[in-house]
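Here is how the chains run, residue by residue.
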Amino acid sequence: MLNFVTTNPGKVREATAYLDDEVVQFDFDYPEIQADELGPVAAHGAREAYRAADGPVIVDDAGLFIDAFDGFPGPYSSYVENRVGIERVWRLTEPEDDHSAAFKTVIAYCDGEGFAATPDPGGIDREERRGQDLAADERGGATMDTQVQGDEDALPVKLFEGRVPGEIVAPRGEGGFGYDPIFEHDGTTFAEMSTDEKNAVSHRGRALAKFSEWYATR
Ligand code: IMP
């Protein structure tokens, strides 16, 4: 059994399509660290949750990155959704020339054990790596996995990223959750898509596909 650590049942609904009955919601609200990237936030959450759970955990940390605002709200998306609301995020973006944005997610897995070696991101020059990530992003695929092992005592965590490009639009659609009504991909907002349609193109779907493939070998 795999614990999906979240207070958001929408995320678990999307994960079930990839992990069937294997995945259960673990409603645990861990304190999030503040960081400008999603990876460290998700990794920290996975370690915290693993200590509280009775088995393997995944944490999904997502964010909306709006190009006109240099990636804002990014890792602060939850705070902005709660304080400002998605309608006003749309109205802030509307006067800008560029409405392009991306949704990104990082899934962090922790089961208290180490993992078989994966391509070591630490071994690649940072500039070169940025180029690789960008190339993946431009293909629209953008999934990569990383093993993060911090200090001696830190639990190993494996990360899986997903990204989807889109546009910020006036709210449309009744489905999904969060920013889905104002995030349009190929002419349709995520809130106008079924779970299967969203999974087929979304940041989370891409990360889950990569994760479930790896997890099946575990
Ligand atoms: P978190 O990953 O749960 O911290 O989510 C960060 C913010 O992004 C919250 O405001 C969520 O509602 C929103 N969010 C996360 N995933 C999605 C998604 O797939 N669609 C729309 N909004 C999302």
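Residues numbered from 1 in each chain as written. Predicted model: local features only at pLDDT ≥ 70, side-chain atom pairs only at ≥ 80, totals over all residues. Heavy atoms only, no water.

K.L.:
How should I be thinking about the overall build of the protein in this particular structure?
P.N.:
A count of helical and extended segments in the protein gives 7 helices and 9 strands. Buried positions account for 48% of the 218 residues belonging to the protein. Here the protein has roughly 11000 Å² of accessible surface; of this, 46% comes from carbon and sulfur atoms. (Helix = DSSP H or I, 4+ residues; strand = E, 2+ residues; numbered from the N terminus. Buried < 20%, exposed > 50% of the residue type's maximum accessible area, 1.4 Å probe, protein only. Areas by Shrake-Rupley, 256 points an atom, 1.4 Å probe, with all protein chains shown as cover.)

K.L.:
Is there a simple way to think about the site of the ligand in this case?
P.N.:
As a structural note, the neighbourhood of the ligand is formed by 16 residues, with Lys11, Ala62, Glu81, Asp180 and Lys198 the closest of them. Take lysine 11: an N or O atom from its side chain is 2.8 Å from an oxygen atom of the ligand. Interatomic distance of 2.8 Å between a backbone N/O atom of alanine 62 and an oxygen atom of the ligand. Compared with its free state, where it exposes 480 Å², the ligand has 90% of that area covered by protein. If you list the elements that add at least two residues to the shell around the ligand, you get β3 (57-66), α3 (77-83) and α7 (203-215). Looking at the shell around the ligand residue by residue, the classes come out as 4 nonpolar, 4 polar and 8 charged. (Near = heavy atom within 4 Å. Polar contact = N/O pair within 3.5 Å; in protein donor to acceptor, adjacent residues only side chain to side chain. Nonpolar A, V, L, I, M, F, W, Y, C, P; charged D, E, K, R; others polar.)

K.L.:
What's the story with a negative patch on the surface in this structure? I'm lost.
P.N.:
On the surface, a cluster of negative charge is made up of Asp67, Asp70, Glu96, Asp97, Asp98 and Glu167. Note that aspartate 97 resides in the loop between α4 (86-93) and β5 (100-110). On the basis of relative accessible area, aspartate 97 is assigned to the exposed category, the value being 83%. (Patch = residues over 30% accessible without salt bridge, like charges linked within 9 Å, V, L, I, M, F, W, Y side chains within 5 Å. Salt bridge = Lys/Arg side-chain N within 4 Å of Asp/Glu carboxyl O. Lys, Arg positive; Asp, Glu negative; His and termini not counted. Charge placed at Lys NZ, Arg CZ, Asp CG, Glu CD.)

K.L.:
Would you take a moment to explain the pattern of salt bridges for this structure?
P.N.:
Any two side chains of opposite charge can pair, on the condition that their charged atoms come close. Enumeration according to the criterion identifies 10 salt bridges in this entry. A salt bridge links arginine 218 to aspartate 111, with the nearest nitrogen and oxygen atoms 2.8 Å apart. Here arginine 218, found in the segment after α7, pairs with aspartate 111, found in the loop between β5 and α5 (126-139); they are 107 residues apart in sequence, far enough to count as distant. Residue classification places arginine 218 among the partly exposed positions, given a relative accessible area of 43%. Among the charged side chains, a network of salt bridges with common partners joins Lys11, Glu14, Asp60, Asp180, Lys198 and Arg204.

K.L.:
I keep staring at the environment of threonine 217 and nothing clicks. Help me out?
P.N.:
Following the sequence through the fold, threonine 217 ends up in the segment after α7. In this structure threonine 217 comes out as exposed when scored by relative accessible area, which is 65%. Here tryptophan 214 takes part through its backbone oxygen, which lies 2.5 Å from a polar atom of the side chain of threonine 217.

K.L.:
Could you clarify how one ought to interpret the packing of helix α1 (residues 9-19) against α7 in this entry?
P.N.:
Pairs of packed helices are described in terms of their axes, by the angle between the two and the distance that separates them. Look at α1 against α7: their axes get within 9 Å of each other, and the N-to-C directions meet at 45 degrees. In this view, α1 runs oblique relative to α7, as classed from their interaxial angle. For the pair α1 and α7, the crossing hand works out as right-handed. Within the contact between the two elements, α1 uses Lys11, Glu14, Ala15, Tyr18 and Leu19 and α7 uses Arg204, Gly205, Leu208, Ala209, Phe211, Ser212 and Tyr215. Class assignment of the residues belonging to the contact of α1 with α7 gives a composition of 7 nonpolar, 2 polar and 3 charged. (Axes fitted to C-alpha atoms, helices over the stretch in contact; angles between N-to-C directions. Parallel < 35°, antiparallel > 145°, perpendicular 65-115°, else oblique. Left-handed = near helix turned anticlockwise from the far one by under 90°. Contact = heavy atoms within 4.5 Å.)

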